[in-house]
Amino acid sequence: MALLFLLLRPVLLLSLFHFGPISQSQAASGSPAGEDFSEELLLRPLPDRKLLAHFHFQSRAPHTSSDGRHHHLFPKAISQLVQKFHVKEMELSFTQGRWNYDQWGGFDPISSSNAKPPGVELWAVFDVPHEQVDDSWKNLTHALSGLFCASINFLESSTTYSAPDWGYRPDSGSLRYGSLPREAVCTENLTPWLKLLPCRDKAGLSTLMHRPSIYKGYYHSQRLRLTSSEFEPEGVGSGIVLEQTLTVVVQPSSQRTVRSYSHETKLQPSWSLTSIFGRKVSSRCVLAKSSIVYLQLDGSLVAELDSLQKENKISSADNYVSEGVRSNACFEVSVKPDRVLKELKGVEKKSPSVLYEFSIDKYNESGPFDLGLTWKVPVAWSCQKAPLHVSRFLMGSGNERGAIAISLRSTELTDELLHTKTSEGTCKLEVKIFQVVPWYIKVYFHTLQVFVNEEPQAVSDVVEKMRVSPSVDKLSPGVMEMLLKFPCGMKSAAITLEFDKGFLHIDEYPPDANQGFDIPSAIISFPNFHTSMQFLKDDSSDKSAILSKFEENSAVLAYTEVLLVPLTTPDFSMPYNVITITCTVCALYFGSLLNVLRRRVGEEERLENKEKQPGWLRQLLFRLYAKITGRPLEAVGSTSTSSSSSSSKLGFIILVAGIAVFWQVYYG
Amino acid sequence: MEEQSTKRTKQKQGRFWTWVTASVLFRLILIYFPQNLNLSSRPEVSTPLTSLRRLAEGYWLKQSSMSPYAGSMYHGSPLLLSLLGPLTVKRIDEQPSHLLCSLVFVAADILNSLLIRATGQTLQIAYRQSLRSLDLDMISEMEILSPGDIAALIYLWNPFTIAACVGLSTSPIENLAIMLALYGACKRLVPLAAFGWVMATHLSLYPIILIIPIILLLGNGPDTPRKLFLLRRHGKVEENSSSDSCQQEKVIDQSKLLDVFSWRPVMLFLVWTVMWSVYVLLLCGVSVKQYGGLWEMFTSMYGFILTVQDLSPNIGVLWYFFAEVFDFFRNFFLIVFHMNILFMIFPLAIRLHHRPCFLAFVYITISSMLKSYPSVGDSALYFGLLGWFVYELSEMKFSFFLFCVYIGVSLLSPVMHNLWIWRGTGNANFYFATAMAYACLQIVLVVESVSAMLNHDRKLRKLSSAKLQDGKS
């Protein structure tokens, strides 16, 4: 076996070399017309002894008009999707777990663009006329549902998606947004997602995606984002850009026994790629333009390390920022970084964060890449938080009505903001809220109440702009978009809305009706605050995808919790009983009332009289007979009743027979 | 003797007004403690059609330049919105916000009771007159109160009425429209009757069937046992064939007068109806013009009533039925349930055409039993009207049983609702069972009252024929 492997190895290598130059040449040509693919991984220790791993794969295809419809690297399914449904922009995320905005950061590019609500979230912007947007959306949901083995097709129903105007993204009109909070995310969703990568999980960074270790984590969110300029004139955009990210938060198990320190803080767990994912990166994906691993140290962590170093009077010779150093007083990195990047100072930032860059081009199966970080000193730091801590909860009890409350608490950032901006006089903190509520939660928008610092405020003082589209039963969800302006000195604020719980038809309940129904997350964004991290000065085109993503100016954004609303259930087992009993009562009403109405005094006498007289039908027949024969009526009436009845019977039989014969002749 | 009787009537009057004042005070006291009662959110009181909270939501939507029918919150009339809407927002300082609306509802209730009383008195006079003309003075002067007073007091002191009034539902106003129509028809105030009927139909659709009793009232007058008169005329004719011709002519004149269905007020009523409906539609059209127009109003008001879209629990039976019934049967049963109201209109009108007010009572009871979103406000009205016929219906069967079961159901239903909705220990079936019992109760009430009324007529006929026999012999 080993022999065989040895024999085969040169062949493999040869093929690798053979393949290599092609991809290199493609990348090197550098023209935007070519397709390219890049894979990156960002690792970041988190303050609560966890580790964030963020995989980022980006594929790009040029305009079909210039390059034809055939693709070398770009997944054909996606490009067909774009072609067919005229998708301008799209984002689909599968998430399990909830992003912890306090501990894992709420003010950095990763949290604002990769922290997603639990379940499935999908939004898309279409490049079609307004009246066709809904149709395109429905088709897209079905296509994606097939592509990702998920029940995204539930978003087809108009009760589940909404068309936000300005509350979510500025593109109004052709934007549709929907989310399925209940959707369970598992490997069957990851596998089709991996299929879109040119190397799948056979080579490159994606080999790290060992399923058990990913799904063991506290949070994982797999995301697919599509931007296309396919329908704009050529040369304006860069074709279709497909961005696939997987964000995982895992708890590294400490390898060494933790030494007890006099400090209260414990030593951060040391980790390596093998200890987290159980695998090493043995080779890069040969089709990738670049495959890079970054290790990011938070700004506050860097500041903390600085102060520790100053405390310990350690010479600045082994400063962790200087290039090529893999070990310092505080921690040790198992692999020597290729490059150390320092964040260019932002305006509001206290200290810059640091990126260690590791290129995995030079690693192969004999010497696989296994990054590890070993802490020497206990460090405690905290991530930069969003301006306001957001949470949403339900109030009230019982299954008849309740209230939704969104509470906003200021974090230390707002205090800083207050200190910097009080000089300007009127300082306002803008908050945008976008909330979609299913129709069976019947929100009374007139009961909107705003509390600032726990005191009720007039709604018009705080709400700057508001757009509401109330829910229509079984047709559309309720959408609320609000722009609030709070004074900067605010400590806390709360918004409450009352609602009634609806009652559904038994067919509309899901199989586990008593579990309750989910209200999707509300989206709270802060338009005044933007996250952007710049690590490189030059605007070179071959900048890595993650870094260019970091540079994008995106508003700080946070998702609230998903709410679970229990609804009353009817008895599912006995529809027949209900139908029969109700119908019985109806019949009782009808019958007894009619009986009362037609009962008369002396009924028996009249009945007796009636029996003597021939029935009205018979009388009618007599008259008819009299007319036909021309004889006077009295004469017919005076004839014996038995003969008349027999003759009428005979006539009836003759009539029926005549009709039958006619039928036979005419149609037979 | 006469002095004594006037004194007695004055005493009666005084007693009546004390009770009315007491009821107003009771209501005001209840209004002052709204949070303790929380009646406005009870399913028995506020249905999707009558809830003031929904009206406030509709008003809010309208104020923020959206259609009040956007979303499926508000299903009432746009006129009610512009009347009551501002009152839901305006508040007198230091007072609860619903105070003004509650005062409006109290005023509507008082007006209702006065209309019931006035109509009842007219009815009584007509009844006495017809009895007197038949020489049947069976009703003694020893009545404690006149039926009108009894009906008004029943209406005012009925716990259902008080709950509907204090519980902020718009049903007192709907009842007011119905009462205006009946009062106008009884007093032969044609424009008022037309206005009342048009408004009642506009507000809650079901009073549309009241057009038959109103036309009969306008055509025949409030109480015309015509058959008895006919009987009497024949008897008298036979009897008087031998006596002088002058008396005979007089009798014939009288019977002719009674026999004629006066078409003039009916035609006038129809003309006024058309005018009022055009006027109401115009007003509605103006107030919903910038939103969805009249069509949206019709679909969200009457479409909502007819298709039973809201399945939240109420005291009727339809909500649970339509929550459970299979979807492909839904339309069929919608037709069946609405036909149940319509099917009985003509048989009842044929048998009870000489008692239009009783006919109106029966119609109101039937529609409040079978309507898609019934509330206790509807039952309050028919209980009040029942008071008009206390003497005619004195021999009604099961009246004690009915009274007891009414009390039982109205105590059990909130308990079952609480167990099901709030505690989660009960089951929907228990609450539905009380709704079923309530429906059966109403059925028994309708059937027994109709039967008692027919028996009463029978008795009158027997008495009058016996008198004729006596006269002859």
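As the structure is a computational prediction, the values presented were derived from the model and not from experiment.

J.: How should the overall build of chain A be read in this particular structure?
T.: In terms of regular secondary structure, chain A is built from 17 helices and 26 strands. In chain A, which comprises 668 residues, the share counted as buried stands at 37%. In chain A, the share of contacts with a sequence separation of at least 24, taken over all contacts with a separation of at least 6, comes to 75%.

J.: So what exactly am I meant to see when it comes to the environment of Asn528(A) here?
T.: Residues and elements named next belong to chain A. Along the chain, asparagine 528 turns up in strand β24 (residues 523-531). Along the primary structure asparagine 528 and asparagine 453 are separated by 75 residues, whereas in three dimensions their C-alpha atoms are 21 Å apart. Aside from chain neighbours lying at most four places away, what touches asparagine 528 is Leu429 and Glu430.

J.: How should I be thinking about the UniProt feature "transmembrane region" (unreviewed entry) in chain B in this particular structure?
T.: Residue and element names in this part refer to chain B. In this numbering, the UniProt entry assigns the feature "transmembrane region" (unreviewed entry) to residues 16-33, 189-218, 266-288, 300-322, 328-350, 357-373, 401-422 and 428-454. The straight-line gap between the two end C-alpha atoms of residues 328-350 is 36 Å; of that span, 87% is helix and 0% is strand. For residues 401-422, the end-to-end C-alpha separation is 31 Å, with 100% helix and 0% strand making up the annotated structure.

J.: Please explain the domain arrangement of chain A as it appears in this structure.
T.: How big an interface is tends to be stated in terms of accessible area lost as the parts join. For chain A, the domain assignment lists domain 1 (35-384 + 544-559) and domain 2 (388-522 + 560-565). On the side of domain 2 of chain A, 21 residues touch domain 1 of chain A, which itself brings 20 residues to the contact.

J.: Mind showing me how you'd approach the UniProt feature "transmembrane region" (unreviewed entry) in chain A here?
T.: Mapped onto the present numbering, the UniProt feature "transmembrane region" (unreviewed entry) falls on residues 576-597 and 650-667 of chain A. Its end C-alpha atoms 25 Å apart, residues 650-667 of chain A is made of 100% helix and 0% strand.

J.: I'm lost on the sheet that holds strand β12 (residues 339-342) of chain A in this one. Help?
T.: The strands making up a sheet associate through backbone hydrogen bonding, with each pair oriented either parallel or antiparallel. All names here are of chain A. With respect to topology, 11 strands assemble into an open sheet ordered β5-β6-β4-β3-β7-β8-β2-β1-β10-β13-β12, the strand pairing being mixed. Of all the strands in the sheet, the pair left with one neighbour each is β5 (161-162) and β12. Across the sheet, helix α5 (residues 133-148) lies against β3 (87-96), β4 (119-126), β5 and β6 (175-180), angled at about 140° from β4, the strand it touches most.

J.: Before we go on, may I ask you to explain unusual backbone geometry in this structure?
T.: Backbone phi values are negative for most residues with the exception of glycine, while trans is the configuration of most peptide bonds. Residue and element names in this part refer to chain B. With a phi angle near 65°, leucine 205 is a residue other than glycine that sits in the positive phi range. For leucine 205, the position within the fold is in the loop between α9 (190-204) and α10 (211-220). With 18 C-beta atoms counted inside 10 Å, the residue leucine 205 sits in the partly exposed group. One non-glycine residue, valine 308, lies in positive phi territory at about 45°. Along the chain, valine 308 turns up in the loop between α14 (293-307) and α15 (318-324).

J.: Would you mind going over the pairing of strand β1 (residues 36-45) of chain A with me for this structure?
T.: Every other side chain in a regular strand lies on the same face of the sheet, so the side chains alternate between the two faces. All names here are of chain A. The element β1 is largely enclosed, with a buried count of 9 among its 10 residues. In the sheet, β1 pairs with strand β2 (residues 51-61) via 10 bridges, with the strands oriented antiparallel. In the sheet register, leucine 43 faces β2, and the bridge partner there is alanine 53. Between the end of β1 and the start of β2, which pair antiparallel, lie 5 residues, with arginine 49 showing a positive phi angle near 60°. Of the pairings in the sheet, the one linking β1 to strand β10 (residues 290-297) comprises 6 bridges and is parallel in character.

J.: What exactly am I supposed to notice about helix α5 (residues 99-133) of chain B here?
T.: Residues that lie three or four places apart on an α-helix share one face, since the helix turns once every 3.6 residues. The end-to-end C-alpha distance of α5(B), which contains 35 residues, comes to 51 Å, matching closely the 51 Å that a straight helix rising 1.5 Å per residue would cover. Positive backbone phi, approximately 60°, marks Asp135(B), located one or two places after α5(B).

J.: Any chance you could explain the pairing of strand β7 (residues 219-228) of chain A here in plain terms?
T.: Residue and element names in this part refer to chain A. With 9 of 10 residues buried, β7 lies mostly within the body of the structure. Pairing of β3 with β7, which is carried by 8 bridges, proceeds in the antiparallel orientation. Bridge assignment links phenylalanine 94 to a residue of β7, and that residue is glutamine 222.

J.: Which parts of the structure should I look at to understand the packing of α5(B) against helix α7 (residues 159-166) of chain B?
T.: A packed helix pair is summarised by two numbers, namely the angle formed by the two axes and the spacing between the axes. Residues and elements named next belong to chain B. For the pair α5 and α7, the least separation of the axes is 9 Å and the interaxial angle reads 150°. As summarised for this structure, α5 and α7 are arranged roughly antiparallel, according to the angle between their axes. Packed against α5, whose contacting residues are Ser102, Phe105, Val106 and Asp109, the element α7 presents Thr161, Cys165 and Val166 at the interface. Residue classes in the contact of α5 with α7 are distributed as 4 nonpolar, 2 polar and 1 charged.

J.: I keep staring at the nonpolar core and nothing clicks. Help me out?
T.: Nonpolar side chains in soluble globular proteins tend to be buried together. Core analysis: the biggest nonpolar cluster contains 266 residues, and Ala181(B), Ile214(B) and Val362(B) have the highest contact counts within it. Per-element accounting of this core gives the leading share, 13 residues, to helix α21 (residues 428-472) of chain B. Two domains each donate at least three residues to this core, and these are domain 1 (35-384 + 544-559) and domain 2 (388-522 + 560-565) of chain A. The contacts of Val362(B), once residues within four sequence positions are left out, are Leu348(B), Leu352(B), Val446(B) and Val450(B).

J.: Is there a simple way to think about the environment of Gln4(B) in this case?
T.: All names here are of chain B. Residue position: glutamine 4 is located in helix α1 (residues 2-32). Residue classification places glutamine 4 among the exposed positions, given that 8 C-beta atoms sit within 10 Å. Sequence separation between glutamine 4 and histidine 338 is 334 residues; the distance between their C-alpha atoms is 53 Å.

J.: I keep staring at the sheet that holds strand β16 (residues 401-410) of chain A and nothing clicks. Help me out?
T.: Residue and element names in this part refer to chain A. Pairing is antiparallel across the open sheet formed by 5 strands, whose spatial order is β15-β16-β22-β18-β19. Each edge of the sheet is formed by a strand with only one pairing partner; in this case those strands are β15 (388-395) and β19 (455-457). Within the sheet, the average angular offset between the axes of one strand and its neighbour, ignoring direction, is 30°. Relative to β19, strand β18 (residues 441-452) runs antiparallel, the two sharing 3 bridges. Across the sheet, residue valine 450 finds its bridge partner in β19, namely glutamine 457.

J.: Sorry, what's going on with the confidence of the model for chain A here?
T.: The predicted coordinates should not be examined in detail at positions where pLDDT is low. Averaged over every residue, the pLDDT of chain A is 81; residues scoring 70 or more account for 81%. Residue range residues 1-32 of chain A is modelled with pLDDT below 50. Its contacts to residues more than four positions away, or to other chains, number 14 contacts.

J.: So what exactly am I meant to see when it comes to the interface of chain B and chain A here?
T.: Counting residues at the interface gives 42 residues for chain B, matched by 37 residues for chain A. When contributions to the side of chain B that touches chain A are tallied by element, the ones reaching two or more residues are α3 (52-63), α15, α17 (345-351), α20 (399-423) and α21 of chain B. No other element matches the 12 residues that α21(B) contributes to the side of chain B that touches chain A.

Conventions used here
Residues numbered from 1 in each chain as written. Chains lettered and ligands numbered in written order. Predicted model: local features only at pLDDT ≥ 70, side-chain atom pairs only at ≥ 80, totals over all residues. Helix = DSSP H or I, 4+ residues; strand = E, 2+ residues; numbered from the N terminus. Buried ≥ 20, exposed ≤ 12 C-beta atoms within 10 Å, placed from the backbone. Contact = placed C-beta atoms within 7 Å. UniProt positions renumbered as here; feature names shortened; annotations may be inferred. Domains from an automatic or database assignment. Pairing = 2+ DSSP bridges. Axes fitted to C-alpha atoms, helices over the stretch in contact; angles between N-to-C directions. Expected span 1.5 Å × (residues − 1). Parallel < 35°, antiparallel > 145°, perpendicular 65-115°, else oblique. Nonpolar A, V, L, I, M, F, W, Y, C, P; charged D, E, K, R; others polar. Core = buried A, V, L, I, M, F, W, Y, C linked by C-beta atoms within 7 Å. pLDDT = per-residue confidence, 0-100.

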